[in-house]
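Here are the chains, one letter per residue:
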Amino acid sequence: MDKPVKLYIVVPCYNEEAVLNETSRQMLELMRDMRARGLVSSQSRICFVDDGSKDDTWRIIDRLTKEHSEIAGIKLACNAGHQNALFGGLMTIRHDCDCAISIDADLQDDIRVIPEMVQNFIDGCDVVYGVRNRRDTDTFFKRTTAVAFYKLMHIMGVKIVFNHADYRLMSARALEALSQFPERNLFLRGMAPLVGYKSSCVYYDRNERFAGESKYPLKKMLSFAFDGITSFSVTPIRLISSLGALVCIIAVIMAIYTLVEKFCGNTDAGWASMMMSIWFIGGVQLLSVGLIGEYVGKLYKEVKRRPRFIIEAYVNNKEDDQNV
Ligand code: UDP
Ligand code: MG
């Protein structure tokens, strides 16, 4: 590709007045540098998405758009949450760009790898994941919970890239494919791999948030993790069925044991029948819940209305027909 790339950098912002000036300064510098090197075109933009902030965030974005032609702004009517704000931003700009990079406003993710991401896009990748090398700058708690989260997702059969958050480049056609996922519970880092186009990773060291505070307190983090699992996996439902089967097996063993005890005369009246029914009913109930769960799981997959396929290429030499 010879032409410079039309790049949009999409930055969701919620109450980020403390970081916006510095973030925009560093991003502008990078953007101008990439333009000077002929990597990105002059129509490239840094697009801040104000996610219904209560502070001066929008006023700052508005001012920045007036001062710099490279900066664009989107204001959401109310706080929609990080994933929705990001998705809203990406969907709004997807027809204006060749590719878009999503990144947090606090510059925890190193913007110096952006040129490398763009280069990977030029080399033919549709999705480029920013992956954290080290997590030394995160607190011990955040680090261990994050590792546990990725492991759990893996066990649940959800394909996500280890140590990748939402710092990611997506080509216009990958965004187009993403737009075909009409689900409401967004978990973008799980959805991007579902798009299936060629992807690659770039690695960077994660910094500390330089100002302001995290918008992901423990409660939000846990609910995000739970959302990720329940939006992508029916494994928890399957676990109920497996548990049901296990209890049924135990019921059979208990039945044999109880009968042996009874005929050996080691039991009180009523004990054998009680034991057998408790285990038996428990197992049947769990199995039944699991079975209903299987149908709920099917329903859940249906209501998501995810695309059944995404076409990467269609080769059809129509001119040949006329020659026959
Ligand atoms: N964010 C948002 N809406 C929200 C919460 C957060 O747009 O409701 C943005 C926030 O401004 C930041 C990004 O999402 O750009 C990630 O948030 P943060 O850095 O606080 O999360 P952490 O890095 O601590 O996980
Ligand atoms: Mg952050």
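Calculation rules
Residues numbered from 1 in each chain as written. Chains lettered and ligands numbered in written order. Predicted model: local features only at pLDDT ≥ 70, side-chain atom pairs only at ≥ 80, totals over all residues. Heavy atoms only, no water. Near = heavy atom within 4 Å. Polar contact = N/O pair within 3.5 Å; in protein donor to acceptor, adjacent residues only side chain to side chain. Areas by Shrake-Rupley, 256 points an atom, 1.4 Å probe, with all protein chains shown as cover. Pairing = 2+ DSSP bridges. Helix = DSSP H or I, 4+ residues; strand = E, 2+ residues; numbered from the N terminus. Axes fitted to C-alpha atoms, helices over the stretch in contact; angles between N-to-C directions. Contact = heavy atoms within 4.5 Å. Donors = N, O, S within 2.8 Å, 3.2 Å for Na, K, Ca; no water. Buried < 20%, exposed > 50% of the residue type's maximum accessible area, 1.4 Å probe, protein only. Phe/Tyr/Trp six-rings, centres within 6.5 Å; stacked < 30°, edge-to-face > 60°. Lys NZ or Arg CZ within 6 Å of the ring centre and 35° of its normal. Salt bridge = Lys/Arg side-chain N within 4 Å of Asp/Glu carboxyl O. Parallel < 35°, antiparallel > 145°, perpendicular 65-115°, else oblique. Left-handed = near helix turned anticlockwise from the far one by under 90°. Nonpolar A, V, L, I, M, F, W, Y, C, P; charged D, E, K, R; others polar.

## A word on the site of ligand 1
Consideration 1: Not every one of the 19 residues close to ligand 1 is listed here, only the nearest: Glu 16, Asp 51, Asp 106, Ser 214 and Lys 215.
Consideration 2: In the environment of ligand 1, an oxygen atom lies 2.6 Å from a nitrogen or oxygen atom belonging to the side chain of Glu 16.
Consideration 3: The contact in question runs from a nitrogen atom of ligand 1 to an N or O atom on the backbone of His 82, over 3.4 Å.
Consideration 4: For ligand 1, whose free accessible area comes to 540 Å², the fraction covered by protein is 94%.

## A few points about the sheet that holds strand E4 (residues 99-102)
Consideration 1: Pairing within the open sheet is mixed, and its seven strands lie in the order E3-E2-E1-E4-E6-E5-E7. Each edge of the open sheet is held by one strand with a lone partner, namely strand E3 (71-75) and strand E7 (199-204). Neighbour to neighbour, the strand axes of the sheet diverge by 20° on average, direction disregarded.
Consideration 2: The strands touched by helix H7 (residues 188-195) are strand E5 (127-132) and strand E6 (164-171); relative to E6, the strand with the most contacts, the crossing angle is about 40°.

## A word on the coordination of the magnesium ion (ligand 2)
As a benchmark, a tetrahedral metal site with four donors has ideal angles of 109.5 degrees, while an octahedral site with six donors has ideal angles of 90 or 180 degrees.
Consideration 1: Here the magnesium ion (ligand 2) is held by the protein donor atoms Asp 106 (OD) and Gln 108 (OE1), which lie 1.9 to 2.0 Å from it. In terms of burial, Asp 106 and Gln 108 fall into one category: buried.

## Details of the pairing of E3
Consideration 1: In this structure, strand E2 (residues 45-50) lies alongside E3, joined through five bridges in parallel fashion. Pairing of Cys 47 across the sheet is with Ala 72, part of E3.

## Brief notes about the packing of aromatic side chains
Remark: the centre distance and the inter-plane angle together describe each pair of aromatic rings, the angle taken between the planes.
Consideration 1: On inspection of all chains with the given rule, the structure shows eight aromatic pairs.
Consideration 2: With a centroid separation of 5.2 Å and 75° between ring planes, the pair formed by Tyr 167 and Tyr 204 is classed as edge-to-face. Highlighted residues: Tyr 167 in strand E6 and Tyr 204 in strand E7, separated in sequence by 37 residues. Residue Tyr 167 shares its accessibility class with Tyr 204, and that shared class is buried.
Consideration 3: Between the NZ or CZ atom of Lys 220 and the centre of the ring of Tyr 216, over which it lies, the distance is 5.8 Å.

## Things to note about the environment of Ala 192
Consideration 1: If you trace the backbone, Ala 192 turns up in helix H7.
Consideration 2: Among the residues examined, Ala 192 registers a relative accessible area of 1% and is labelled buried.
Consideration 3: On a C-alpha basis, the gap between Ala 192 and Met 170 in space is 8.5 Å, while along the polypeptide they are 22 residues apart.

## As for the pattern of salt bridges
Consideration 1: Inspection of every chain in the model, using the stated rule, returns 20 salt bridges.
Consideration 2: Where Arg 25 meets Glu 22, a salt bridge forms, and the shortest distance between an N and an O atom there is 2.9 Å. Residue Arg 25 and its partner Glu 22 are both found in helix H1 (residues 17-36); the two are separated by three residues, about one turn of the helix.
Consideration 3: Using a relative accessible area of 42% as the deciding quantity, one classes Arg 25 as partly exposed.
Consideration 4: The exposure class assigned to Glu 22 is partly exposed, which follows from its relative accessible area of 28%.
Consideration 5: With a closest N to O distance of 3.3 Å, Glu 67 and Arg 63 form a salt bridge. Of this pair, Glu 67 and Arg 63 both sit in helix H2 (residues 57-67), four residues apart, roughly one helical turn.

## Focus on the packing of helix H5 (residues 140-155) against helix H8 (residues 218-232)
Consideration 1: Following both chains from N to C, one finds H5 and H8 inclined at 10°, their axes separated by 10 Å at the closest point. On the basis of the axis angle, H5 is roughly parallel to H8. Of the two elements, H5 crosses H8, and the hand of that crossing is right-handed. Together, Phe 141, Lys 142, Thr 145, Phe 149, Leu 152 and Met 153 of H5 and Leu 218, Met 221, Ala 225, Gly 228 and Ile 229 of H8 make up the contact between the two elements.
Consideration 2: Class assignment of the residues belonging to the contact of H5 with H8 gives a composition of eight nonpolar, two polar and one charged.

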